[in-house]
Amino acid sequence: PEGLAALKDGSFWISDEYGPHLVHYDANGVEIARINAFASDERNNVMIDGKPLLLPTEFTKRRANRGMEALTITPDQSTLVGIMESSMDNPDKSGRSSSLVRMVTINLVSGQIAQYLYRLDNAQHVTSGIVALSDHEFYLIEHDRKFPLQDKSAQKLIYKIDIAQATDIDAIINSTSIEKNDTLGLTINSQTLEQLIVANEENWQMLENINITPVKKTLAVDVLASLEYPHDKLEGLWLRQDGSLGLLNDDDFAMTDTEIVSPKSSVEHKYLDKEKTIIDANRLYIAMPTE
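Residues numbered from 1 in each chain as written. Predicted model: local features only at pLDDT ≥ 70, side-chain atom pairs only at ≥ 80, totals over all residues. Heavy atoms only, no water.

(A) Layout of a nonpolar patch on the surface. Among the surface-exposed residues, Trp238, Leu248, Leu284 and Ile286 lie close enough to one another that they form a single nonpolar patch of about 370 Å² accessible area. If you trace the backbone, Ile286 turns up in strand E22 (residues 284-287). (Patch = residues over 30% accessible without salt bridge, like charges linked within 9 Å, V, L, I, M, F, W, Y side chains within 5 Å. Areas by Shrake-Rupley, 256 points an atom, 1.4 Å probe, with all protein chains shown as cover. Salt bridge = Lys/Arg side-chain N within 4 Å of Asp/Glu carboxyl O. Helix = DSSP H or I, 4+ residues; strand = E, 2+ residues; numbered from the N terminus.)

This is the structure:
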């Protein structure tokens, strides 16, 4: 489980970083509904016009452990909004080098699903937290998983994003070069959107030229410039009543697997500094957005 959207009735939706599955639990923690991209999964029980509501099929191409990291619900409680952590394996692992991330909105009343494109600052960045301000504006975490005390190039950013003028790619109709593939989603000249961006980062402009506009993003908080934040993973985002943002890190239980630097697997504390003197731990930080 990664994303959490709490409702006013005490129930809550959770998204995960594998499926991705969106699961609705009642206030006692009992599963009452599920939405995913797998048509054969009989647990999909949100019915619209007699048919189960499903995520777009291309979401089955998610990269394991990089699924739907962030989930929120609009203030009117009608629409779930989720975003994938990083680019998907669409059609294969080459897609991981893309700066394109998919965002989805699911109207729980009408069943209307829309899909938008978010452009990462760097293909190696991830998104890891989202919170709704309205039905079209959100705060979103984008970061690079680097340790600021070990790498001065580290970035931990909060963007204010707006989908009002972004293109719902699920609403695009087929044309000579554009086609909706039943498995891969929208393709252009037989390439997936992830393939297009991997082939050439400048293809973002090509998408704009054919009226496919990504989500608008404006920097709201440069976390490292605003706070003494030493952690690698910025994953929790909380909108407070005074307009400030609560930020939480993921400390991975303060442990790390060192197999990548040793032929013999071992586990040690997760340290924030090169000297291995500061052990990671959970912390709550408060920041005031400029946007």
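(B) Molecular detail of the side chain of Asp232. Within the element layout of this structure, Asp232 appears in the loop between helix H3 (223-226) and strand E18 (234-239). Exposure remark for Asp232: the relative accessible area of 6% places this residue in the buried category. (Buried < 20%, exposed > 50% of the residue type's maximum accessible area, 1.4 Å probe, protein only.)

(C) Representation of the sheet that holds strand E11 (residues 126-132). Read from one edge of the open sheet, 4 strands run E11-E12-E13-E17, paired in antiparallel fashion. Edge positions in the sheet fall to E11 and strand E17 (216-222), since each has one partner strand and no second. Across the sheet, the mean angle separating the axes of adjacent strands is 30° when strand polarity is ignored. The pairing of strand E13 (residues 156-162) with E17 spans 6 bridges and is classified as antiparallel. (Pairing = 2+ DSSP bridges. Axes fitted to C-alpha atoms, helices over the stretch in contact; angles between N-to-C directions.)

(D) Structural context of the pattern of salt bridges. Here the structure, examined in full by the defined rule, presents 18 salt bridges. In the salt-bridge network here, residues are joined through shared partners; they are Asp232, Lys233, Asp252, Lys270 and Asp280.

(E) Quick look at the nonpolar core. Residues Trp13, Leu22, Met103, Ile106, Tyr118 and Ile161 are the most contacted members of the largest nonpolar core, which totals 39 residues. Within the residue set of this core, elements represented by two or more residues are strand E4 (31-35), strand E7 (70-73), strand E8 (79-83), strand E9 (100-107), strand E10 (113-119), E11, strand E12 (137-143) and E13. In this view, Ile106 contacts Leu22, Ile35, Leu53, Leu55, Ser78, Thr79, Leu80, Gln112 and Ile113; residues no more than four positions away in its chain are not counted. One finds Val221, Leu227, Tyr229 and Leu247 within the second-largest nonpolar core, a separate group that totals 15 residues. (Core = buried A, V, L, I, M, F, W, Y, C linked by side-chain atoms within 4.5 Å. Contact = heavy atoms within 4.5 Å.)

(F) Quick peek at the environment of Gly19. Considering the arrangement of structural elements, one finds Gly19 in the loop between strand E2 (12-15) and strand E3 (22-25). Relative accessible area serves as the criterion here: at 7%, Gly19 is assigned to the buried category. When the C-alpha atoms of Gly19 and Ala39 are compared, they prove to be 13 Å apart, with 20 residues separating the residues in sequence. Sequence-distant contacts of Gly19, defined by excluding residues within four places in its chain, comprise Phe38, Phe59 and Arg62.

(G) Focus on the sheet that holds E3. Taken together, 4 strands build an open sheet; the order of strands is E1-E2-E3-E4 and the sheet is antiparallel. The outermost strands of the open sheet, each flanked by one partner alone, are strand E1 (3-6) and E4. Between one strand axis and the next, the sheet turns by 20° as a mean value, whatever way the strands run. As paired elements, E2 and E3 share 4 bridges and run antiparallel to each other. Looking across to E3, one finds that Phe12 is bridged to Tyr25.

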